[in-house]
Amino acid sequence: MPREPRITCIGPGDLAPTVAMHRRCSSHTLWSRYHRAMADPETYLPALLARPGSVHLAARDTTGRIVAVGHLMPDHSAVEAALLVEDSWQGRGLGTRLLRDLGHHALGAGWATLYGLVLSGDERMDAILRHAPVPVHRREEGGTVTAWVETRDLAAVPPAASPKKSRCGT
C-alpha cells in the first residue's frame, strides 16, 4: 500500500527540486498557477522562495521528490495563497491538503484574510475551493476570480500536516 505524500516546509535551499518539479509541469498547469507564460523557473523561483515573511510548503512523494508546492505571500493584513501540483499528481487531494496547511500558517501568523487568484473556469481550483471546510467568498473581475476566507474560520479545522512538520516560514 503506497504512502501518501508528506507535507514539508521548503525554502531557498530547495531550489533545485522545486525547479525540477516546475519543469515537469505542463504549460497549461503553469498557466493556471501564474496566469501568464513564465520564463525558466530558475529565474523567478529564487526570489519567491526567499521572499521575507512568506511560507512555502511542498508535498514530497515516497522518494522525497517534490510533486506539489504551496506558497503564502504576505500582503498587508491579508496573505495570498498559491498552489502548483504536478500534472501526474493532480486529482489526488494534494492541493486541498496544501491549502488547509497554508490556512493554518496564515491563522497562526495572525493574518485576517487568506486569498487566492484563480482564472475563471479553472475546474481543478474550483474543486479545491469546493472542498474547503469554511465559507469561501468569491469576486470575479475580468476573467479572474479572487477567492478568500477569513482565517478565524479556520480555527476549528485541524491541519493536515503532523504538528512537528507544520511550523515553518521566515
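Above this text sits the structure in question.
This is a predicted model, so every value here is computed, not measured.

*Asks:* Honestly, the overall build of the protein in this entry has me stumped. Any pointers?
*Replies:* Looking only at helices and strands, one finds five helices and seven strands in the protein. When the helices and strands of the protein are placed in sequence order, the string is β-α-α-α-β-β-β-α-β-α-β-β. Computed over the C-alpha atoms, the radius of gyration of the protein is 15 Å, within 12% of the 15 Å expected from 2.2 N^0.38 for a compact globule of 170 residues. Seen through its C-alpha atoms, the protein measures out along the principal axes to roughly 40 × 35 × 35 Å. Counting only contacts in the protein whose residues sit at least 6 apart along the sequence, the fraction spanning at least 24 positions is 64%. Total accessible area on the protein stands at roughly 8,900 Å², and carbon and sulfur atoms take up 54% of it. Each charge class in the protein can be summarised by its mean position, and for the 20 positive and 17 negative side chains these summaries are 7 Å apart.

*Asks:* How should I be thinking about helix 1 (residues 15-24) in this particular structure?
*Replies:* In an α-helix there are 3.6 residues to a turn, and that puts residues three or four apart on one side. Buried within helix 1 we find Thr 18, Val 19, Met 21 and His 22. Taken around the axis of helix 1, the buried residues stretch over an arc of 160 degrees, which confines them to a single face. Here the buried face of helix 1 lies against helix 2 (27-34), helix 3 (41-49), strand 3 (66-75) and strand 4 (78-85).

*Asks:* Explanation requested: the pairing of strand 7 (residues 144-150) in the structure shown.
*Replies:* Regular strands have side chains that alternate between both faces of the sheet. Counting buried residues along strand 7, five of its seven residues qualify, which places the element largely inside the surrounding structure. Two strands pair when backbone bridges link them, and strand 5 (residues 113-119) and strand 7 are joined in this way by seven bridges, in the antiparallel orientation. Residue Leu 114 lies in a different strand from strand 7, and its bridge partner there is Val 149. Of the pairings in the sheet, the one linking strand 6 (residues 137-141) to strand 7 comprises five bridges and is antiparallel in character. In the strand pairing of strand 7, Arg 139 is matched with Thr 146. In sequence, strand 6 turns back onto strand 7 through a hairpin of two residues, with Gly 142 there showing a positive phi of about 60 degrees.

*Asks:* Help me understand the sheet that holds strand 4, please; the structure alone is not making it clear to me.
*Replies:* By way of backbone hydrogen bonds, the strands of a sheet pair with one another, either parallel or antiparallel. With mixed pairing, seven strands are arranged side by side in an open sheet as 1-2-3-4-5-7-6. Each end of this open sheet is capped by a strand with a single partner; those strands are strand 1 (6-9) and strand 6. The mean inter-strand angle of the sheet, taken between neighbouring strand axes irrespective of direction, is 25 degrees. Of the strands in this sheet, strand 3 and strand 4 touch helix 1, which is tilted by about 110 degrees from strand 3. Where helix 5 (residues 123-130) meets the sheet, it contacts strand 4, strand 5, strand 6 and strand 7, and its direction lies at approximately 155 degrees from that of strand 6.

*Asks:* Help me understand unusual backbone geometry, please; the structure alone is not making it clear to me.
*Replies:* The phi angle of most residues is negative, glycine excepted, and most peptide bonds adopt the trans form. Phi angles above zero are rare outside glycine, and His 35 is one such case at about 65 degrees. Of the residues examined, His 35 reaches a relative accessible area of 23% and is grouped as partly exposed.

*Asks:* How do you make sense of the packing of aromatic side chains when you look at a structure like this?
*Replies:* Note on aromatic pairs: each is described by the distance of the centres and the angle between the planes. Per the stated rule, a full pass over the model turns up one aromatic pair. Seen in terms of ring centroids, Tyr 34 and Tyr 44 are 5.3 Å apart; in terms of plane orientation they differ by 70 degrees. Their pairing is edge-to-face. Here Tyr 44 lies in helix 3 and Tyr 34 lies in helix 2, a separation of 10 residues in the sequence. Tyr 44 shares its class with Tyr 34; the two are buried. Taking the ring centre of Trp 89 as reference, the NZ or CZ of Arg 92 above it sits at 4.4 Å.

So, how was this worked out
- Position labels on residues start from 1 in each chain and follow its written sequence.
- Totals for whole chains, interfaces and linings use all residues, but because this is a predicted model, local features are given only for residues with pLDDT of at least 70 and pairs of side-chain atoms are given and counted only at 80 or more.
- Only hydrogens and water are set aside when side-chain values are computed; all heavy atoms of the structure are taken into account.
- Secondary structure is summarised from DSSP: a helix means a run of H or I of at least four residues, a strand means a run of E of at least two, and numbering begins at the N terminus for each.
- C-alpha atoms define the radius of gyration, and 2.2 Å times the number of residues to the power 0.38 defines the globule rule.
- Two residues form a contact once any of their heavy atoms are found within 4.5 Å.
- All accessible areas in this document rest on Shrake-Rupley with a 1.4 Å probe, and a residue is counted as covered only by the protein chains that are shown.
- Charge assignment in this entry is limited to Lys and Arg as positive and Asp and Glu as negative, and neither His nor the chain termini are counted.
- To locate a charge, take atom NZ for lysine, CZ for arginine, CG for aspartate or CD for glutamate.
- The classification of residues rests on relative accessible area computed with a 1.4 Å probe and restricted to protein chains. Under 20% of the type maximum is buried, over 50% is exposed, and intermediate values are partly exposed.
- Here the arc refers to the directions that run from the helix axis out to each C-beta atom.
- One bridge is not enough; two strands pair if DSSP finds at least two bridges between them.
- Axes here mean lines fitted to C-alpha atoms, for a helix over just the part in contact, with angles spanning 0 to 180 degrees between N-to-C directions.
- Stacked, edge-to-face and tilted labels apply to pairs of Phe, Tyr and Trp rings (six-membered ring for Trp) whose centres lie within 6.5 Å, assigned for plane angles under 30 degrees, over 60, and everything in between, in that order.
- As a reminder, the over-ring test applies to NZ of lysine and CZ of arginine, requiring each to be within 6 Å of the ring centre and within 35 degrees of the ring normal.

This is a description of form; function is not addressed.
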